[in-house]
Amino acid sequence: MSGTFSVAALISAGRHPVSGVPRACRGDAVAMALGLSLAGDALRVVHFGEAEEPALLDYIAYGARKIEVVNGDAERVSIAPLAEALSGVDLILTGSRAERGAGSSLLPYMLAAALERPVIANVLEVKVERGVARSAAKVRQFLPKGQRRQIACPLPLVVAVHPFAPVSLTYAYARRMSGRVEVTSSRDPATETEPSSWVVETAPRRPVRLKAQEKKAGHARLLSAIVSEAKGGVVAFDGTTVDKAQVVLNYLREHRLVDF
């Protein structure tokens, strides 16, 4: 099946959270392992950064036969050279988040926008089926609280793999010594039309959720914990927007959630 479509996995240089020692990024290694299960030795493993990065050797030990390096500054990832290098790939696999640099999880979405193709996040499994007109990918997506969802999407496609994807990571030192790293292209700042760096901003403070305090006796609190009861409340369907806002304000004042 690997001859009917092309698969590529994007990898980044990881760092140990305590010691800072270079290593393979866990999420990217999982994405690469998923790609190996789909395409085998035909999988393209692509890295944006420097060929001398020591963390790349770990990916070779995990099964990458060859790593293609798009030369550039790993701390300021540029989408244009990546999109150019991967323009002909049917299925692009990425991790969920990098372990160094911006680590904003936006790379799959920005790459998909540059290539004008759909993107699916939090993917656990991928299966590619050939059709009469074009191939399609069926993915199993991770959802909160143990939920899973099946999605079908035609190729080409960008997939962000969830770190809990059920793949096997086997490290072999012999593979680490036999693999190779190749520089495929370099970034030219003179011809680059997009910003060459990420914009790093301070994360905004999350709003505090207001919750009305309930003053109940111990027996009443025990009953509310074991017996479902109606919480009450008011649903404001009628009236103007001012009337509905007044209903909300009255509720906040009644439970002392505001002091005006």
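Basis of the calculations
- Residues numbered from 1 in each chain as written.
- Predicted model: local features only at pLDDT ≥ 70, side-chain atom pairs only at ≥ 80, totals over all residues.
- Heavy atoms only, no water.
- Helix = DSSP H or I, 4+ residues; strand = E, 2+ residues; numbered from the N terminus.
- Buried < 20%, exposed > 50% of the residue type's maximum accessible area, 1.4 Å probe, protein only.
- Contact = heavy atoms within 4.5 Å.
- Areas by Shrake-Rupley, 256 points an atom, 1.4 Å probe, with all protein chains shown as cover.
- Phe/Tyr/Trp six-rings, centres within 6.5 Å; stacked < 30°, edge-to-face > 60°.
- Patch = residues over 30% accessible without salt bridge, like charges linked within 9 Å, V, L, I, M, F, W, Y side chains within 5 Å.
- Salt bridge = Lys/Arg side-chain N within 4 Å of Asp/Glu carboxyl O.
- pLDDT = per-residue confidence, 0-100.
- Core = buried A, V, L, I, M, F, W, Y, C linked by side-chain atoms within 4.5 Å.
- Arc of directions from axis to C-beta.
- Pairing = 2+ DSSP bridges.

Trainee: Describe the overall build of the protein chain, with residues and values.
Mentor: Each helix and strand in the protein chain was counted, giving 7 helices and 11 strands. Counting every position in the protein chain, which comprises 260 residues, the buried fraction comes to 33%. Residue pairs in contact within the protein chain that sit at least 24 positions apart in sequence constitute 68% of those at least 6 positions apart. Carbon and sulfur atoms make up 54% of the accessible area of the protein chain, which totals about 16,300 Å².

Trainee: Got a sec to walk through the packing of aromatic side chains? Specific residues and values, please.
Mentor: For any two aromatic rings, the description comes down to two numbers: the centre-to-centre distance and the angle of the planes. Tallied over the entire structure, the rule returns 1 aromatic pair. Between Tyr62 and Tyr171 the ring centres are 5.4 Å apart and the planes differ by 85 degrees, which places this aromatic pair in the edge-to-face class. You can see Tyr62 sitting in the loop between helix H2 (56-61) and strand E5 (66-71) and its partner Tyr171 sitting in the loop between strand E10 (157-161) and helix H5 (173-178), a full 109 residues away along the chain.

Trainee: Break down unusual backbone geometry for me, citing the residues and quoting the values.
Mentor: Note the cis peptide between Leu155 and Pro156, where omega equals 5 degrees. Within the chain, Lys145 stands out as a residue other than glycine whose phi angle is a positive 60 degrees. Take Lys145: it is sitting in the loop between strand E8 (136-142) and strand E9 (148-154).

Trainee: Go over a nonpolar patch on the surface with me, naming the residues and quoting the values.
Mentor: Taken together, the side chains of Leu106, Tyr109 and Met110 define a hydrophobic patch exposed on the protein surface, amounting to about 270 Å² of accessible area. Relative to the helices and strands, Leu106 is located in the loop between strand E6 (91-94) and helix H4 (107-115).

Trainee: Pulling in residues and values, what's your account of the pattern of salt bridges?
Mentor: Tallied over the full model, the rule gives 9 salt bridges. Across the pair Arg176 and Asp58 runs a salt bridge, and its minimum N-O distance is 2.8 Å. Within this pair, whereas Arg176 is found in helix H5, its partner Asp58 is found in helix H2, the two being separated by 118 residues in sequence. Taking relative accessible area as the criterion, Asp58 reaches 12% and is therefore assigned buried. Among the ionic pairs, Arg180 bridges to Glu182, the shortest N-O distance being 2.8 Å. Take Arg180: its relative accessible area is 46%, and that puts it in the partly exposed class.

Trainee: Now, about the confidence of the model for the protein chain: what can you tell me, with residues and values included?
Mentor: When pLDDT is averaged across the protein chain, the result is 82; 84% of the residues are at 70 or more. Per-residue pLDDT stays below 50 along residues 187-196; that stretch engages in 14 contacts with residues further than four places along the chain or on separate chains.

Trainee: Could you give me a rundown of the nonpolar core, with the residues and numbers involved?
Mentor: In this structure, Tyr59, Ile67, Leu91 and Val126 are the most contacted members of the largest nonpolar core, which totals 36 residues. Only strand E1 (7-11), helix H1 (26-39), H2, E5, E6, strand E7 (119-129), E8 and E10 provide two or more residues apiece to this core. For this core, the element with the most residues is H1, which contributes 7 residues. Apart from the residues lying within four places of it in its own chain, the contact partners of Val126 are Leu34, Leu38, Leu91, Ala137, Lys138, Val139 and Val159. If you look at the next biggest cluster of nonpolar residues, it comprises 16 residues, including Val77, Ile79, Leu82 and Leu86.

Trainee: I'd love a proper account of H4, names of residues and values included.
Mentor: For H4, the set of buried residues is Pro108, Leu111, Ala112 and Leu115. What you see down the axis of H4 is that its buried residues fit within an arc of 100 degrees, all on one side. For H4, the secondary structure elements touched by its buried residues are E1, helix H3 (79-85), E6, E7 and E10. Looking one or two residues beyond H4, the residue adopting positive phi is Glu116, at roughly 55 degrees.

Trainee: Could you give an account of the side chain of His47, naming the residues involved and the relevant values?
Mentor: Relative to the elements of secondary structure, His47 occurs in strand E4 (residues 44-49). Leaving out residues up to four positions away in the same chain, His47 has contacts with Ile11, Ser12, Ala13, Leu56, Ile67, Glu68, Val69 and Val70.

Trainee: Account for the pairing of E10, naming residues and giving values.
Mentor: Two faces make up the sheet, and in a regular strand the side chains alternate between them. Most of E10 is tucked away, with 5 of its 5 residues classed as buried. By the alternation rule, side chains of E10 split into Leu157, Val159 and Val161 and Val158 and Ala160, which are all buried. Judged from the 4 bridges that link them, E6 and E10 form a sheet pairing that is parallel. Of the residues in E10, the one forming a bridge with Thr94 is Ala160.

Trainee: Give a detailed account of the pairing of E7, specifying residues and quantitative values.
Mentor: Here E7 pairs with E10 via 3 bridges, running parallel. Counted as the bridge partner of Val119 is Val158 from E10.

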